[in-house]
Amino acid sequence: MIKKIINIQSQLKCEKSQYNDFGKYKYRSCEDILEAVKPLLKQEELMLNVSDEIVMIGTRYYVKATAEISDGTNKISTIAYAREDEIKKGMDGSQITGAASSYARKYALNGLFCIDDTKDSDTTNKGTQRESESNELTVMLKGKTYKLTDLSKEQLKWIADNYKNQTIKAKAIELLSK
């Protein structure tokens, strides 16, 4: 199954065909990824399931999305989180949840299929993500690099609540739940 997933990851092409007029940037949606990957899944005879659930971490609700690929016997999955805004102008509760679900699902798919979004607007925030030589996730805040595992609960909570990068955010949430 690993070879089949590697084939999909190496063949998958999913351009950023959506455009945000307000932010003036291109992006790809969850639906764009699904449309691009379905023929490759069929070719490799693999099934993809994407699901989500609402979880409470601290005092905030998050959408926890899981992208799972299976050959009928074995499964591999990735998880991503997105926080629901308490209030979003012009949106009702179901729309807020739906937007958080789409966002979390997109990043779960990005993780599963190794789609690099480092040039997306989603990563333009006050910090940047990089991996240290030991493959431990680090964040750069105000010009200084920190290992996520070295941060306080308060710092991790801030990252979980404010960081745009879903990989970093998910790791912070995971560390908070320990």
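If you're wondering where the values come from, they're calculated on a predicted model, not measured in any experiment.

Let's shift gears to the pattern of salt bridges. Evaluation of the coordinates by the stated rule reveals two salt bridges. A salt bridge links R105 to D52; its shortest N-O distance comes to 2.7 Å. Of the two residues, R105 is situated in helix α3 (residues 93–113) and D52 in strand β3 (residues 47–57); the sequence distance between them amounts to 53 residues. In this structure, E174 engages K171 in a salt bridge whose closest nitrogen and oxygen atoms are separated by 3.4 Å. Linking E174 with K171, this pair stays in helix α5 (residues 166–176), spanning three residues, or about one helical turn. The exposure class of E174 is partly exposed, given its relative accessible area of 36%.

Of all hydrophobic cores here, the largest spans 26 residues; its most connected members are I8, V37, L41, L48, I69, L109 and F113. Elements with a minimum of two residues in this core: α1 (2–11), α2 (30–44), β3, β4 (60–70), β5 (75–83) and α3. Element by element, the count of residues in this core is highest for α3, at seven residues. Among residues more than four places away in sequence, those in contact with F113 are I8, Q9, L12, V37, L48 and I69.

Cut-off values and rules
Residues numbered from 1 in each chain as written. Predicted model: local features only at pLDDT ≥ 70, side-chain atom pairs only at ≥ 80, totals over all residues. Heavy atoms only, no water. Salt bridge = Lys/Arg side-chain N within 4 Å of Asp/Glu carboxyl O. Helix = DSSP H or I, 4+ residues; strand = E, 2+ residues; numbered from the N terminus. Buried < 20%, exposed > 50% of the residue type's maximum accessible area, 1.4 Å probe, protein only. Core = buried A, V, L, I, M, F, W, Y, C linked by side-chain atoms within 4.5 Å. Contact = heavy atoms within 4.5 Å.

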